[in-house]
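Reading the structure
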Amino acid sequence: MTGWSIVTPVKPLGLAKSRLRATLPAAAALSAYYLSGPDPFGALDGDFGLPGDGDADWHAAIALAMALDTVTALLGAVRVDRVVVVTDDPVATAALGDLGAVCVRDAPADGLNAALRQGASVAALLSATDGRGRAGTASVGADLPALKSTDLDAALRAAERLGARAFVPDATGTGTTLLAAPGRLALEPAYGPGSALLHARDGALDLTSSLVVPSLRQDVDTAADLDAVRSLGLGPRTAALLEIGVSSDGQKAPTPARTAPIHI
Ligand SMILES: Nc1nc2c(ncn2[C@@H]2O[C@H](COP(=O)(O)OP(=O)(O)OP(=O)(O)O)[C@@H](O)[C@H]2O)c(=O)[nH]1
Ligand SMILES: C=C(OP(=O)(O)O)C(=O)O
């Protein structure tokens, strides 16, 4: 049985997740911590702790951690044959490529929907070459750090059964966390504000009318989302960073102990 091709867009890490900036912990404390302790993100070596760019480092680290946990869960799904990551970020390319994703440049450089269309084209070319990933094409953002492969499998299975374009709205009901186009159907992404409604208006079916897939719905855009993903069970890289940096009430945490261990 052939499986799915998943297309995952990743903004340049330093620009991603801008709505989280206000909740990030004191960069200087984290920089000091990482200078003295093990670096859980070998790919970021040399970046952590550089004087003056602590905020950028922390920001890149949390965006990368979430992308790594998301892509790990995507690749762990039984129904997934391939993950195509569309990104212009060299660190994300190296780290996600190491996990087993196929990484391609964001050649259109024209926003999220253009990046997804490009990723879908690459996925189709690869499928034509090796026969894998032909069950369908789906897009999933790189900001689902609590994603469980079983939730993704359930959604892809439901989309296969419907044989029609289908989507999963985010936890707020307004955004989209998964858009699936079974078989040879075109993905036709319409991400952006109110994308759940846009996808429904385009004829995509809402998979959550018959499915409960909380980990697939909880993306992380805001501070409140951080608490929500914690309660779902975070992936290990995101958990390591958040436990160090942000307390459970979303407040900045005290300076971490320089000797605190990190378990990845
Ligand atoms: N390649 C690529 N990925 C994108 C682009 N815009 C958004 N993404 C990715 O699409 C996914 C969903 O995007 P958003 O939820 O809007 O995340 P974001 O843009 O990082 O967050 P904010 O800065 O807070 O809006 C994330 O994985 C982003 O990294 C883009 O123009 N190109
Ligand atoms: C990108 C989207 O959502 P958000 O930025 O709210 O995660 C979307 O649903 O189109």
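For the structure, check the block above.
Read on for an overview of the structure. Computed from a predicted model, the values in this text were never measured in an experiment.

Neighbouring ligand 1 are 16 residues, the closest being Pro9, Lys11, Ser18, Arg19 and Asp106. Between valine 10 and ligand 1, the recorded distance is 3.5 Å, taken from a backbone N or O atom to a nitrogen atom. Serine 18 is positioned with one of its side-chain polar atoms (N or O) 2.6 Å from an oxygen atom of ligand 1. Contact with the protein chains removes 83% of the 620 Å² of surface that ligand 1 exposes when unbound. A class-by-class count of the residues in the shell around ligand 1 yields seven nonpolar, three polar and six charged.

Around ligand 2, the structure places Arg19, Leu112, Gly175, Thr176, Tyr191, Gly192, Ser195, Asp219 and Asp221. Threonine 176 has a polar backbone atom sitting 2.8 Å from an oxygen atom of ligand 2. Between ligand 2 and aspartate 219, the relevant distance is 3.1 Å, taken from an oxygen atom to a side-chain nitrogen or oxygen of the residue. Contact with the protein chains hides 77% of the accessible area of ligand 2, taken as 290 Å² for the molecule alone. When the residues that make up the shell around ligand 2 are grouped by side-chain class, the tally is two nonpolar, four polar and three charged.

Attention now goes to the pairing of strand β6 (residues 176-182). Of all seven residues that make up β6, seven are buried, and the element is covered over most of its length. Pairing between strand β4 (residues 136-140) and β6: five bridges, direction antiparallel. By the bridge assignment, threonine 137 is partnered in β6 with alanine 181. Note: strand β5 (residues 166-169) against β6, four bridges, orientation antiparallel. Across the sheet, residue valine 168 finds its bridge partner in β6, namely leucine 178. Between β5 and β6, which pair antiparallel in sequence order, lie six residues; one of them, glycine 173, sits at a positive phi of approximately 90°.

Reading the values: rules and limits
Here the residue numbering is sequential within each chain, running from 1 through the sequence in written order. Chains and ligands are labelled sequentially in the order written, the chains with letters from A and the ligands with numbers from 1. Two thresholds apply to this predicted model, a pLDDT of at least 70 for residue-level local features and 80 or more for giving and counting side-chain atom pairs, whereas whole-chain, interface and lining totals are computed over all residues. Hydrogen atoms and water are omitted, and side-chain values are computed over all heavy atoms in the structure. The near set for a molecule or strand comprises every residue that places at least one heavy atom within 4 Å of it. Identification of polar contacts relies on pairs of N or O atoms within 3.5 Å, with a donor-acceptor requirement for protein atoms, meaning one able to donate a hydrogen and the other able to accept it, and with residues adjacent in sequence counted only if both atoms are side-chain atoms. To be clear on the numbers: accessible area is Shrake-Rupley with a 1.4 Å probe, and residue cover counts the displayed protein chains and nothing else. When residue character is reported, Ala, Val, Leu, Ile, Met, Phe, Trp, Tyr, Cys and Pro are called nonpolar, Asp, Glu, Lys and Arg charged, and the others, Gly included, polar. Categorising residues by exposure relies on relative accessible area from a 1.4 Å probe, with only protein chains included: less than 20% of the type maximum marks a residue as buried, more than 50% marks it as exposed, and the intermediate range marks it as partly exposed. Secondary structure is summarised from DSSP: a helix means a run of H or I of at least four residues, a strand means a run of E of at least two, and numbering begins at the N terminus for each. When DSSP finds two or more bridges between two strands, those strands count as paired.

By themselves, these observations are geometric and do not establish any function.
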